[in-house]
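# Structure at a glance
Residues per chain are reported as follows:
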Amino acid sequence: MRRSERKKSKKLWLKIPIIVVLLLLVGVGVYAFSLYHNAKSTVNEKMNEPIESIDTAVTKKKVKDLEPLNILLMGVDARGADKGRSDALMVLSLDPDSDRMQLISIPRDTRATIVGRGTEDKINHAYAFGGPDMSVATVENFLDIDLDYYVRMNMEGLEELVDELGTITVNNEIAWNDGEYNFTEGPVEMDGAKTMAFVRMRKQDNAGDFGRTKRQRQVIQGIVDRGASVGSVNKIGGVIDVLGNNMATNLDFEDMKNLFSNYRGVRKNVDNYMLEGSGTTIDGIYYYLVPDEEIQKVHSMIEDIKS
């Protein structure tokens, strides 16, 4: 029933409220139904990309049993025909029992064995060599963990996603100006373009890549918080379309529904960490070397997330 027709029918509303309510419920139901199927189609047909490195059947059982999960997040700066490298690499661990989420960043220049090639190289090169399959296998081998899901996001799509949500807010720790945007200390509200400037800045941050990695984590948290608070159903379709064009994952639609229903409480407690090491040059190439004891420490953090 259209809005103009409802205005003309106020007297009928008094006489037949049950019929009107039923019509409104049907209208809302049809809209929700169309969103549901649009989302399901987008996820399963455009975003879902299973890989050999992860046994989907094992993961689905873990989700059903509400066990802790590990998800590899990859931010890929791919442009045109260039596959790109995973310049943002993070392991997201979720524990529904303790309502806890842990986000561990792996510096992109970390020297590691690239599984499938048998060579030592920067860990972010695994994606360029073999896509998400090789990245998952390499991170699993490096940290001696099992990964249950992966999510690959094109960094260019990050700008579209933030704009679709409206804005995000992060707590900026250092003030700087890049000639276009002025970033003050404290809470900063950003649209998509400003978000990209925020995550890509390095030269004005004494922490270099480490500062950049921290800002990437802040942006992810900002997107999660904003996405969880967006109340307008009108935004859902747009967000789904943006993700469909810029994201790949071995999650299917049922997996996403189960995570949303059973793991949503993990946002209550969020821990952040980045692997610590030191930089060096080998054969004229810069690498970030992570000592064995640090790798073992992070392995324990991921395995013992319940504790």
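Just so you know, these numbers come straight off a predicted model, no measurement behind them. (Residues numbered from 1 in each chain as written. Predicted model: local features only at pLDDT ≥ 70, side-chain atom pairs only at ≥ 80, totals over all residues. Heavy atoms only, no water.)

Attention now moves to the confidence of the model for the chain. Per-residue confidence for the chain averages 83 on the pLDDT scale, and 82% of its residues sit at or above 70. Mean pLDDT across the secondary structure elements of the chain bottoms out at helix H2 (residues 10-15), with 39, and peaks at strand S4 (residues 111-114), with 97. Across residues 1-22, confidence stays below pLDDT 50; counting only partners more than four residues off in sequence or on other chains, it has five contacts. (pLDDT = per-residue confidence, 0-100. Helix = DSSP H or I, 4+ residues; strand = E, 2+ residues; numbered from the N terminus. Contact = heavy atoms within 4.5 Å.)

The buried count for strand S6 (residues 149-154) comes to six of six residues, which makes it a mostly enclosed element. Along S6, one buried face is formed by Tyr 149, Val 151 and Met 153 and the opposite face, lined by Tyr 150, Arg 152 and Asn 154, is buried too. Strand direction decides the pairing type here: strand S1 (residues 69-76) and S6, joined by six bridges, are parallel. When the sheet's bridge partners are listed, Val 76 is paired in S6 with Asn 154. Where S6 meets strand S11 (residues 247-249), three bridges bridge the pair, whose relative direction is antiparallel. Looking at S11, one finds that Met 153 is bridged to Met 247. (Buried < 20%, exposed > 50% of the residue type's maximum accessible area, 1.4 Å probe, protein only. Pairing = 2+ DSSP bridges.)

Looking now at the packing of aromatic side chains. Taken as a whole and assessed by the stated rule, the structure comprises four aromatic pairs. Taken together, a centroid distance of 5.8 Å and an interplanar angle of 40° make the contact between Phe 183 and Phe 198 tilted. With Phe 183 in strand S9 (residues 182-183) and Phe 198 in helix H7 (residues 192-200), the pair connects residues that are 15 residues apart, well separated along the chain. The burial state of Phe 183 is the same as that of Phe 198; both residues are buried. Connected via pairs of aromatic rings, a cluster forms that spans Trp 176, Tyr 181, Phe 183 and Phe 198. Cation over ring: Arg 111 sits above Tyr 287, and NZ or CZ is 4.6 Å from the ring centre. Lying over the aromatic face of Phe 183, Lys 194 brings its terminal NZ or CZ to 5.2 Å of the ring centre. (Phe/Tyr/Trp six-rings, centres within 6.5 Å; stacked < 30°, edge-to-face > 60°. Lys NZ or Arg CZ within 6 Å of the ring centre and 35° of its normal.)

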